[in-house]
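# A look at the structure
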Amino acid sequence: RVLGVRAALALEANHSLLWTDLTTTSHDRSSLSHRIPKGMRAMSISGERRRAFSDLMLPGDRVDVLLTKQKPGSDGEVVTIPLLQNLLVLAVGSRFRVEDVERSSLRTDSVTLLVTIEQASLLAQARRDGALSLVLRNEDDLEIREGLPETDDSDVLEQETRARRQRRVRLERVD
C-alpha cells in the first residue's frame, strides 16, 4: 500500500515506517494542513517554559507529554503523569520544514504536534488546569511503555524511591 507514496520526512534504511512519515496528497506540501494525514489533527502546545527547549527541537522529532497538576480529591497533592507518548512534532513556532528552522534562529514557545482527535481532547483538558511538559525522544525509539506510574513529592524526597528511579540505563554511546 505504500509503494509509490511520497515520504513526508527523510527516511533511513531498516527503520520502522509509520503512516505519519508518508504524504497524504500529491500537492506541494508547502502548508501545514497538507502535512496532516487524513484522520489526524495538528495541535499547538504553548508555554513560556518551552522557549529554550524548542530551540533544540525540529519538525519530525518525536516527544512524550507529561502532565503536572493537583490530584483531584487530595489536600493539594501535586502529581506528574505520563500523558501521551511518541507524538510527532509537525512544527516549531511557525516553521514546519526543517530547512526553515535551520535557516533562522528560533525563539518560540509553541510546538505543534500530530495527534488523533481523542489525543487532542485529552491535551485540551489536561492543559486547562495543569502544566504540560514535552520530553524529546530519540528518533529511533518508537516504544510506547504501558503502566508508567505517576510521580509525586514522595518520589522526589524519599531516598529509596528516588534511587529506584535513578537507575541508569546502559547506553552504548551518545554522539
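Overview of the structure. (Residues numbered from 1 in each chain as written. Predicted model: local features only at pLDDT ≥ 70, side-chain atom pairs only at ≥ 80, totals over all residues. Heavy atoms only, no water.)

Across its full length, the chain carries five helices and five strands. Going residue by residue from the N terminus, the α and β elements of the chain occur as β-α-β-β-α-β-α-β-α-α. Taken over 175 residues, the chain has a buried fraction of 31%. Summed over its atoms, the accessible surface of the chain is roughly 12,000 Å², and 49% of this surface lies on carbon and sulfur atoms. (Helix = DSSP H or I, 4+ residues; strand = E, 2+ residues; numbered from the N terminus. Buried < 20%, exposed > 50% of the residue type's maximum accessible area, 1.4 Å probe, protein only. Areas by Shrake-Rupley, 256 points an atom, 1.4 Å probe, with all protein chains shown as cover.)

A few words now on the nonpolar core. Counting 19 residues, the largest nonpolar core has Val65, Leu83, Leu113, Leu123 and Leu132 as its most contacted members. Taken together, the elements giving at least two residues each to this core come down to strand S1 (41–46), strand S2 (62–70), strand S3 (78–92), strand S4 (110–115), helix H3 (117–129) and strand S5 (131–136). Looking at this core, the element that brings in the most residues is S3, giving five residues. (Core = buried A, V, L, I, M, F, W, Y, C linked by side-chain atoms within 4.5 Å.)

By the definition in use, this model includes five salt bridges. In this structure, the salt-bridge partner of lysine 69 is aspartate 129, at a minimum N-O distance of 3.4 Å. Here lysine 69, found in strand S2, pairs with aspartate 129, found in helix H3; they are 60 residues apart in sequence, far enough to count as distant. Since its relative accessible area comes to 40%, aspartate 129 is described here as partly exposed. Shared partners join several salt bridges into a network, and the residues in it are Asp64, Arg137 and Asp141. (Salt bridge = Lys/Arg side-chain N within 4 Å of Asp/Glu carboxyl O.)

Interpretation note: all reported values are geometric properties and have no functional meaning in isolation.
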